[in-house]
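# Results of the structural survey
One letter stands for each residue in the lines below.
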Amino acid sequence: MTGYHLAELNIGTARAPVNSPEMAGFMAGIVPVNALADTAPGFVWRLQDGDGPGATALRPCGPDVMVNMSVWEDLESLRDFVYRNGPHLDFMRRRRSWFHPMAVPYLVLWWVPAGHIPGLDEALSRLDLLRRDGPGPRAFTFHDPCPPPVPAAEAAR
Amino acid sequence: MTEISVIAVLEDPVRRRLYDYVAAQGSGVSRTEAAAATGIGRTLAAFHLDRLAEAGLVEVTFARPAGRSGPGAGRPAKLYRRATTEHQVSVPPRDYRAAAELLAEVVDVTGAEPELQRAARSRGAAAGRAARQQSLVLPDDDLVSNSLEAQGYQPYRDGGGMRLRNCPFHLLADRHPPLICGMNLALLEGLLSGASVTSLSARLDPRPGECCVVLEESKNNGD
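All values reported here derive from a predicted model rather than from experimental measurement.

### Points about the overall build of chain B
Across its full length, chain B holds nine helices and seven strands. With the C-alpha coordinates aligned to their principal axes, the bounding extent of chain B is approximately 60 × 50 × 35 Å. Within chain B, buried positions represent 30% of all 223 residues.

### Concerning the overall build of chain A
Regarding its fold elements, chain A presents five helices and four strands. Each helix and strand of chain A, ordered N terminal to C terminal, gives the series β-α-β-β-α-α-β-α-α. In terms of C-alpha radius of gyration, chain A reaches 16 Å, essentially the compact-globule figure of 15 Å for 157 residues. Burial status across chain A gives 28% buried among its 157 residues. Across chain A, every contact between residues at least 6 apart in sequence was considered, and the portion connecting residues at least 24 apart equals 69%.

### Things to note about the pairing of strand 1 (residues 4-13) of chain A
Residue and element names in this part refer to chain A. In terms of burial, strand 1 is a largely internal element, eight of the 10 residues being buried. Here strand 1 runs beside strand 4 (residues 107-113); their pairing, made up of seven bridges, is antiparallel. By the bridge assignment, Leu6 is partnered in strand 4 with Trp111. Pairing between strand 1 and strand 3 (residues 65-72): eight bridges, direction antiparallel.

### Details of the sheet that holds strand 2 (residues 43-46) of chain A
Residues and elements named next belong to chain A. An order of 2-3-1-4 is seen for the four strands of this open sheet, with the pairing classed as antiparallel. Strands with a single pairing partner mark the edges of an open sheet, and in this sheet they are strand 2 and strand 4. Taken over all neighbouring pairs, the strand axes of this sheet differ in orientation by 25° on average, direction set aside.

### Side note on helix 2 (residues 75-84) of chain A
All names here are of chain A. The set of residues buried in helix 2 consists of Leu78, Phe81 and Val82. All buried residues of helix 2 fall inside an arc of 90° around its axis, so they share one side. Packed against the buried residues of helix 2 are strand 1, helix 1 (24-39), strand 3 and helix 3 (86-93).

### Quick word on the interface of chain B and chain A
Chain B puts 15 residues into the contact, and the matching count from chain A is 14 residues. Element by element, the count of residues in the side of chain B that touches chain A is highest for helix 9 (residues 177-194) of chain B, at five residues. For the side of chain B that touches chain A, the residue count by class is nine nonpolar, three polar and three charged.

### Some points on helix 9 of chain B
All names here are of chain B. Under the 1.5 Å per step criterion, the end-to-end length of helix 9 is 25 Å for 18 residues, consistent within 8% with the ideal 26 Å. Counting buried residues in helix 9 gives 17 out of 18 residues, a clear majority hidden from the surface. Backbone geometry just downstream of helix 9 places Ser196 in the positive-phi region, at approximately 55°.

### Digging into the confidence of the model for chain B
All names here are of chain B. In the predicted model, chain B carries a mean pLDDT of 91, and the fraction of residues at 70 or more is 94%. Least confident of the elements in chain B is strand 2 (residues 58-63), whose mean pLDDT is 90; most confident is helix 9, at 97. Across the interfaces of the predicted complex, the ipTM metric reaches 0.85, alongside a pTM of 0.86.

### Regarding the nonpolar core
Counting residues in each nonpolar core, the largest one holds 41 residues, and the members touching the most others are Val144(B), Leu188(B), Leu192(B), Cys212(B) and Val213(B). The greatest single-element share of this core, amounting to 10 residues, is contributed by helix 9 of chain B. Setting aside its immediate chain neighbours within four residues, Leu192(B) contacts Gly128(B), Val144(B), Val197(B), Leu200(B), Ser201(B) and Ala202(B). In terms of nonpolar packing, the next biggest core, distinct from the first, is built from 23 residues, Ala55(A), Met66(A), Leu78(A) and Leu127(A) among them.

### A closer look at the packing of helix 1 of chain A against helix 3 of chain A
Residue and element names in this part refer to chain A. One can describe the packing of helix 1 onto helix 3 by two numbers: an axis separation of 9 Å at closest approach and a directional angle of 140°. One way to sum up the angle between helix 1 and helix 3 is to call them oblique. As helix 1 runs across helix 3, the sense of the crossing is left-handed. Only Pro87, His88 and Phe91 of helix 3 make contact with helix 1, whose side of the interface consists of Gly29, Pro32, Val33 and Leu36.

### Quick word on the sheet that holds strand 7 (residues 213-217) of chain B
Residue and element names in this part refer to chain B. Sheet architecture is open: four strands sit in the order 4-5-7-6, paired in antiparallel fashion. Of all the strands in the sheet, the pair left with one neighbour each is strand 4 (155-158) and strand 6 (200-204). Taken over all neighbouring pairs, the strand axes of this sheet differ in orientation by 30° on average, direction set aside. Looking at chain direction, strand 4 and strand 5 (residues 161-164) are connected through four bridges and run antiparallel. Bridging from a neighbouring strand, Arg157 pairs with Met162 of strand 5.

Conventions we followed
- Residues numbered from 1 in each chain as written.
- Chains lettered and ligands numbered in written order.
- Predicted model: local features only at pLDDT ≥ 70, side-chain atom pairs only at ≥ 80, totals over all residues.
- Helix = DSSP H or I, 4+ residues; strand = E, 2+ residues; numbered from the N terminus.
- Buried ≥ 20, exposed ≤ 12 C-beta atoms within 10 Å, placed from the backbone.
- Rg over C-alpha atoms; globule rule 2.2 N^0.38 Å.
- Contact = placed C-beta atoms within 7 Å.
- Pairing = 2+ DSSP bridges.
- Axes fitted to C-alpha atoms, helices over the stretch in contact; angles between N-to-C directions.
- Arc of directions from axis to C-beta.
- Nonpolar A, V, L, I, M, F, W, Y, C, P; charged D, E, K, R; others polar.
- Expected span 1.5 Å × (residues − 1).
- pLDDT = per-residue confidence, 0-100.
- Core = buried A, V, L, I, M, F, W, Y, C linked by C-beta atoms within 7 Å.
- Parallel < 35°, antiparallel > 145°, perpendicular 65-115°, else oblique.
- Left-handed = near helix turned anticlockwise from the far one by under 90°.

Here is the structure:
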């Protein structure tokens, strides 16, 4: 127990409107994949809106940009779900049919005090930080992860 | 030990056979099991297994025989299993791994995955057609199993289907899972279709320490 949870934000520019045939596979897949996340070991919370499956109706970054945000107990539980869960891995394998590639980072990870649910502002500022400074303790990636903050250092702040 | 001396440990044919046996098992094997499987004496097997362990090609664990515990259960047996470390020797020196890393990164960034999957599917299909032409009468399962074995997947039966003990692209797959596992799936789908095998179908189903693709009995018999 580190007293910290791992937050994740992931954004993607859709190739077509959500109600188009091109996006049908994504919209159909998101519900069972989200259900798998909800019961995955280490899952804490995920962003949802009232108007569509998951957070698919939220557009904080522009009309075509979808967001996905969640909190997990630690990095390994998120990694296990993202990369070692068959249906989720298969969903990711097909992501290029639904989302444009991005030349800049589109996924950011950061530590939050356990119990804190991050807002979209917080999440997007971490993505900006990652894009500006590269991976560091306040904003990192699966490729360059950072350990959770040491509680003593927190207390001394 | 340098890479080349590690590989040289496998030169002895008996040792090589022992290594192949240990590497193909899902869990640790005892000296007695390894000796029986390779048809040599237990003492000789122990000698060679320990040489393999010294070279770091196999790892040693200790475990009591199943069903026995507590005092009087006897000494824990020495078990051997394939080490996870990779060894690669190229003469003259080549570094395809670094090139593959760079290419994977670029495919990731440019979103060329559909093209990668297409290329992988047709490469797999060519391999499947060649395998079929070489052995027209072989049953589907054996044909697929032989072909996967030759490509280093270490297939084993699992119910009516097949799982793969080894991922030939492990380091890359670890760094770019959707990209490399998706490519691998396309390779194997291609292999099945090229070899006209309809009794098996490929699906992503990652398991720790194994290939992320499983070949399942096709459900095309209207069940």
